[in-house]
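Summary of structural features
For reference, the chains in residue letters:
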Amino acid sequence: MSKDVYESPLASRYASPYLLRLFSPDTRYQTWRRLWVALARAEQELGLPITAEQVAELEAHITDIDYAAAERREHEVRHDVMAHVYAYGLAAPSAAGIIHLGATSCYVTDNADLILYRDALRYLRGQLLAVMKNLSAFARQYAATPTLGYTHYQPAQPVTVGKRAALWLQDFRSDLDELDFVLATLPFLGCRGTTGTEASFLDLFEGDGAKIDEMNRRIAAEFGFERCFPVCGQTYPRKVDSRILGCLSAIGQSAYRMANDIRLLQHDRQVEEPFEKSQIGSSAMAYKRNPMRSERICSLSRYLMADAMNAPMTASTQWMERTLDDSANRRISLPEGFLCADAVLRLCQNVTNGLHVNEKIVDRTIREYLPFLATENIMMEAVKRGGSRQELHERIRVHSMAATARMKEGEPCDLLDRLAADPAFGMTRAELDAVMDPQLYIGRCQEQVERFLAECEPLLAGAPETDGSIQI
């Protein structure tokens, strides 16, 4: 593309070749022609005055679209669908008179959109599974590796590195369930006429409603749809777009949560995203190792979540049987939502495929806070030895505040020394050291991770390999 013309970064920098091709004008207009062929074929087989030769001629000219002729015609008539009907008629002259018979524009525009969205969702499902497969392997590897837990981003009871990854994985698993629901319940529009009444086909089929139903069943089946909407206006209900973009937004929410956690952990040098040998972190600060992939995931995910708001606003403002103020918005928001979700998932694949744990720093961090985290267990042991729970709680509070104040001055933590010297606890320093094993405080983390991964295994069995063509 010329460098003096704007191009979408989603197309030039982020999205996959597959989705760029799927949402290209050529794929869209070829899909229109496939829909016109399917309509003509069904009408011919159900007895309308269309010949098999006309259907065959239409079928032979699905891909050879004369875009120049279509563009000239659109400038004349100001109608894109009729411009393409005209161009198709030039390519298949014997069938020119029966193209689009009984249909309205939304027959090709809306059904094509549903086909493209369905195919895009199927593709993103594979991308999502690839991310989940990476996270599953990571969670399994570190299922028993203790790490400092955080609540309010303050040190809290230990968890494991794998348990935290399982939380990310569980979010994506929820997105997969939602995506599968959207796919399983996505109907076809069919060919329903200008206000959805099928009145034009009642005339064509001389009042035979069964033939109309059969025509729509055949067209839907040809494109892999099991059913059509029971009722509709001129368009398919725009609630569908809201559901689709909501699903994509959910993926963005999960990706943001994971990537933001990684950014925080990378700040503490506990976990790091991939960093290439010659990668530059900063133009000024050569030492920097910025989490640019995770930052990009967060940035694109914010756009994706905001983009999803277009669909409910459109769905809520449909006037009676239709209004055209949805068209320009949908032309941008739906394809770009898919391209953005694609970019997010590709980045997530890249990050989760090379996520690195600095185990010594993880261990050092948890041990720095472990004396504080172990105080509840220490208190319980001291109660067993005859102490008062309430008195011990107060003694721990006082000693903890003193030890923390000392640490703020740059001194090492001396909490265990303070507790060992306090006769209220009746415990030696050696006894206190014996309970400083992080494994004693991770609860059922390993069991929870392994149980959840076992649930995910059947889903991940068919997951594609991580996309090796991703260039960051």
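Refer to the structure presented above.
Overview of the structure.

The secondary structure content of the protein chain amounts to 20 helices and four strands. On C-alpha atoms alone, the protein chain measures out to a radius of gyration of 31 Å, which is more than a quarter above the 23 Å that the 2.2 N^0.38 rule sets for 472 residues. Seen along its three principal axes, the alpha-carbon backbone of the protein chain occupies a region of about 100 × 50 × 40 Å. With 472 residues in all, the protein chain has 50% of them scored as buried. Pairs at least 24 residues apart make up 78% of the contacts formed inside the protein chain by residues separated by at least 6 positions.

On to the pairing of strand β1 (residues 146–151). Of the pairings in the sheet, the one linking β1 to strand β2 (residues 154–160) comprises five bridges and is antiparallel in character. When the bridges of β2 are listed, G149 appears paired with A156. Adjacent in sequence and paired antiparallel, β1 and β2 are bridged by two residues, among which H152 carries a positive phi angle near 60°.

Among the residues of helix α4 (residues 52–59), those classed as buried are Q54, V55, E57 and L58. For α4, the buried positions fall inside an angular range of 160° around the axis, keeping them on one side. Check the buried side of α4 and you find it contacts α3 (25–45) and α6 (80–91).

Within the element layout of this structure, G126 appears in helix α7 (residues 105–141). Sequence spacing of G126 and P146 is 20 residues, and the spatial spacing of their C-alpha atoms is 32 Å.

This next bit is on unusual backbone geometry. Its identity as a non-glycine residue notwithstanding, H152 has a phi of 60°, on the positive side. Note that H152 resides in the loop between β1 and β2.

Quick look at helix α17 (residues 389–408) now. Between its first and last C-alpha atoms α17 spans 28 Å; for 20 residues at 1.5 Å apiece the expected length is 28 Å, and the two agree. Buried residues of α17: L392, I396, H399, S400 and A403, and no others. For α17, the arc enclosing every buried residue in end-on projection is 110°, short of the 170-degree limit, so these residues lie on one face. Of the exposed residues in α17, those oriented more than 90 degrees away from the buried face are Q390 and K408. Looking at the buried side of α17, the elements it contacts are α15 (359–373), α16 (375–384) and α18 (415–421). Looking one or two residues past α17, G410 carries a phi angle of roughly 90°, positive in sign.

For the rest of this paragraph, the subject is the packing of aromatic side chains. The geometry of two aromatic rings is summed up by the distance between their centres and the angle between their planes. In the structure shown here, the tally under the stated rule is 13 aromatic pairs. Measuring from ring centre to ring centre gives 6.2 Å for W32 and W36, while their planes differ by 75°; the resulting arrangement is edge-to-face. Of the two residues, W32 and W36 both sit in helix α3, four residues apart, roughly one turn of that helix. Grouping residues by exposure puts W32 and W36 together as buried. What links up through ring pairs into an aromatic cluster is the set Y29, W32, W36, Y67 and Y88. Sitting over the ring of Y86, R73 keeps its end group 4.6 Å from the ring centre. Residue placement shows R238 over the ring face of Y236; its charged tip is 4.6 Å from the ring centre.

Summed over the entire model, instances satisfying the criterion amount to 33 salt bridges. As a salt-bridge pair, R41 and E59 come within 2.8 Å of each other at their nearest N and O atoms. With R41 in helix α3 and E59 in helix α4, the pair connects residues that are 18 residues apart, well separated along the chain. Using a relative accessible area of 18% as the deciding quantity, one classes R41 as buried. Salt-bridge contacts for D326 lead to R322; the nearest nitrogen and oxygen are separated by 3.1 Å. Exposure remark for D326: the relative accessible area of 0% places this residue in the buried category.

A separate point is the side chain of D307. Examined against the element boundaries, D307 turns out to sit in helix α12 (residues 292–307). Despite being buried, D307 has no salt bridge partner; R330 is the closest side chain of opposite charge, sitting 11 Å away. If we ignore the near neighbours within four places in the chain, the residues touching D307 are L245, S333 and G337.

Packed helix pairs are specified by the crossing angle of their axes together with the interaxial distance, meaning the distance between the axes. Packing of helix α5 (residues 67–77) against α6 leaves a shortest axis separation of 8 Å and a crossing angle of 135°. Here α5 is positioned oblique relative to α6, judged by the angle of their axes. Viewed along their axes, α5 and α6 form a crossing whose handedness is right-handed. Together, Y67, A69, A70, R73 and E74 of α5 and D80, A83, H84, Y86, A87 and L90 of α6 make up the contact between the two elements.

What follows deals with the packing of helix α8 (residues 161–184) against helix α20 (residues 445–460). Relative orientation of the contacting elements α8 and α20 amounts to 30°, with a least axis distance of 10 Å. Of the possible angle classes, the one that applies to α8 and α20 is roughly parallel. Note on packing geometry: the crossing formed by α8 with α20 is left-handed. In this structure, α8 contributes G162, K163, A166, L169, Q170, R173 and L176 to the contact, and α20 contributes C445, Q448, V449, F452, L453, E455, C456 and L459. Across the contact of α8 with α20, the residue classes tally to nine nonpolar, three polar and three charged.

Of all hydrophobic cores here, the largest spans 115 residues; its most connected members are Y107 and F338. Among the elements that line this core, the one with the most residues is α7, at 19 residues. Discounting chain neighbours no more than four positions away, the residues touching Y107 are L35, W36, A38, L39, G190, C191 and I219. Counting residues in each nonpolar core, the second largest holds 19 residues, with L373, I378, M379 and Y441 among its members.

Turning our attention to the environment of R118. Turning to its location among the elements, R118 is positioned in helix α7. On the accessibility criterion, R118 (7% relative accessible area) is buried. For the pair R118 and V182, spaced 64 residues apart in sequence, the C-alpha to C-alpha distance is 9.0 Å.

Cut-off values and rules
- Residues numbered from 1 in each chain as written.
- Predicted model: local features only at pLDDT ≥ 70, side-chain atom pairs only at ≥ 80, totals over all residues.
- Heavy atoms only, no water.
- Helix = DSSP H or I, 4+ residues; strand = E, 2+ residues; numbered from the N terminus.
- Rg over C-alpha atoms; globule rule 2.2 N^0.38 Å.
- Buried < 20%, exposed > 50% of the residue type's maximum accessible area, 1.4 Å probe, protein only.
- Contact = heavy atoms within 4.5 Å.
- Pairing = 2+ DSSP bridges.
- Arc of directions from axis to C-beta.
- Expected span 1.5 Å × (residues − 1).
- Phe/Tyr/Trp six-rings, centres within 6.5 Å; stacked < 30°, edge-to-face > 60°.
- Lys NZ or Arg CZ within 6 Å of the ring centre and 35° of its normal.
- Salt bridge = Lys/Arg side-chain N within 4 Å of Asp/Glu carboxyl O.
- Lys, Arg positive; Asp, Glu negative; His and termini not counted.
- Axes fitted to C-alpha atoms, helices over the stretch in contact; angles between N-to-C directions.
- Parallel < 35°, antiparallel > 145°, perpendicular 65-115°, else oblique.
- Left-handed = near helix turned anticlockwise from the far one by under 90°.
- Nonpolar A, V, L, I, M, F, W, Y, C, P; charged D, E, K, R; others polar.
- Core = buried A, V, L, I, M, F, W, Y, C linked by side-chain atoms within 4.5 Å.

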